[in-house]
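An overview of the molecular structure
Here is how the chains run, residue by residue.
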Amino acid sequence: AQSVTQLDSHVSVSEGTPVLLRCNYSSSYSPSLFWYVQHPNKGLQLLLKYTSAATLVKGINGFEAEFKKSETSFHLTKPSAHMSDAAEYFCVVSDGGATNKLIFGTGTLLAVQP
Amino acid sequence: DGGITQSPKYLFRKEGQNVTLSCEQNLNHDAMYWYRQDPGQGLRLIYYSQIVNDFQKGDIAEGYSVSREKKESFPLTVTSAQKNPTAFYLCASSTRTAGTGANVLTFGAGSRLTVL
């Protein structure tokens, strides 16, 4: 069965410093992986997705993630945090089956300090 | 602009009452989904529908019901049988569910239900 673990429930960075949000997955085959962002009381927005093409995936707003099969990881990074990046981030794995069921991580709340 | 509209944004319910949350999309997507979000638990799938007049239970369907009479609409009813209905409910849609690759979900802005 597929699963996803977000290693940090809260991350705090200073504006202008790098962001690292960690995600590990478990899958019996080559998974599809996603990062979504959610601002307070809003729906989720796709940041980026990995679907077995390039292992380094670039997303919106300067975010990127690297798929590392040997480490079963899909960590999200950004070189320089902006105040507007403060939000909750979800790592998601797809089961790839006919139902396209998505398994969501429990989320990482990113705080950006001025 | 294409998107998903959820209403109402905030809803208060007395215990024992059924309530219906609306979800409408104009993206021409075949598949629609309902998720429940609780603090610290991520999103959990309630029901999904791949085509009109067909839907399947997700992981936490007990106490909920849905219908899919039109491609654009997928309302969710929270019944009095749902023991802990206070939560944030998110509707989503995607272009297709079968085949290779995985499809991106487009989410609505959510509906927050509070039981008094």
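Our subject in this report is the structure included herewith. It should be emphasised that the depicted structure is a prediction, and the values quoted were computed from it without experimental measurement. (Residues numbered from 1 in each chain as written. Chains lettered and ligands numbered in written order. Predicted model: local features only at pLDDT ≥ 70, side-chain atom pairs only at ≥ 80, totals over all residues. Heavy atoms only, no water.)

Section: the overall build of chain B
Along chain B, the regular secondary structure elements total zero helices and eleven strands. Shown N-terminal to C-terminal, the secondary structure of chain B runs as helices and strands in the order β-β-β-β-β-β-β-β-β-β-β. For 116 residues, the compact-globule formula gives about 13 Å, and the C-alpha radius of gyration of chain B, at 14 Å, lands near that figure. Seen along its three principal axes, the alpha-carbon backbone of chain B occupies a region of about 45 × 30 × 30 Å. A total of 116 residues make up chain B; the buried ones form 49% of that total. Restricting to contacts in chain B with at least 6 residues of sequence separation, those with at least 24 account for 54%. Taken as a whole, chain B presents about 5,500 Å² of accessible surface, with 48% of it coming from carbon and sulfur. (Helix = DSSP H or I, 4+ residues; strand = E, 2+ residues; numbered from the N terminus. Rg over C-alpha atoms; globule rule 2.2 N^0.38 Å. Buried < 20%, exposed > 50% of the residue type's maximum accessible area, 1.4 Å probe, protein only. Contact = heavy atoms within 4.5 Å. Areas by Shrake-Rupley, 256 points an atom, 1.4 Å probe, with all protein chains shown as cover.)

Concerning the pattern of salt bridges
Pairing between side chains becomes possible if they bear opposite charge and their charged atoms approach one another. Evaluation of the coordinates by the stated rule reveals six salt bridges over all chains. Here Glu64(A) and Lys58(A) are joined by a salt bridge, their closest N and O atoms 2.8 Å apart. With relative accessibility at 24%, the residue Glu64(A) sits in the partly exposed group. Between Asp30(B) and Lys71(B) there is a salt bridge whose closest N-O contact spans 3.4 Å. Of this pair, Asp30(B) sits in the loop between strand 3 (19–25) and strand 4 (31–37) while Lys71(B) is found in the loop between strand 7 (64–66) and strand 8 (76–78), placing the two residues 41 residues apart along the sequence. By sharing partners, the salt bridges in this structure join Arg36(B), Asp38(B) and Arg44(B) into a single network. (Salt bridge = Lys/Arg side-chain N within 4 Å of Asp/Glu carboxyl O.)

Quick notes on the state of the cysteines
Tallying each qualifying case throughout the model produces two disulfides over all chains. The disulfide partner of Cys23(A) is Cys91(A), and the gap between their sulfur atoms is 2.0 Å. Its S-S torsion of approximately -70° makes the covalent link between Cys23(A) and Cys91(A) left-handed. Of this pair, Cys23(A) sits in strand 4 (residues 23–26) while Cys91(A) is found in strand 10 (residues 87–94), placing the two residues 68 residues apart along the sequence. With a relative accessible area of 0%, Cys91(A) lands in the buried category. Residue Cys23(B) pairs covalently with Cys91(B) via a disulfide, S to S 1.9 Å. Its torsion about the S-S bond being -75°, the disulfide of Cys23(B) and Cys91(B) is classed as left-handed. With Cys23(B) in strand 3 and Cys91(B) in strand 9 (residues 87–94), this residue pair connects regions lying 68 residues apart in the sequence. For the pair formed by Cys23(B) and Cys91(B), the shared burial category is buried. (Disulfide = S-S within 2.5 Å.)

Purely spatial values, then, with no claim about function.
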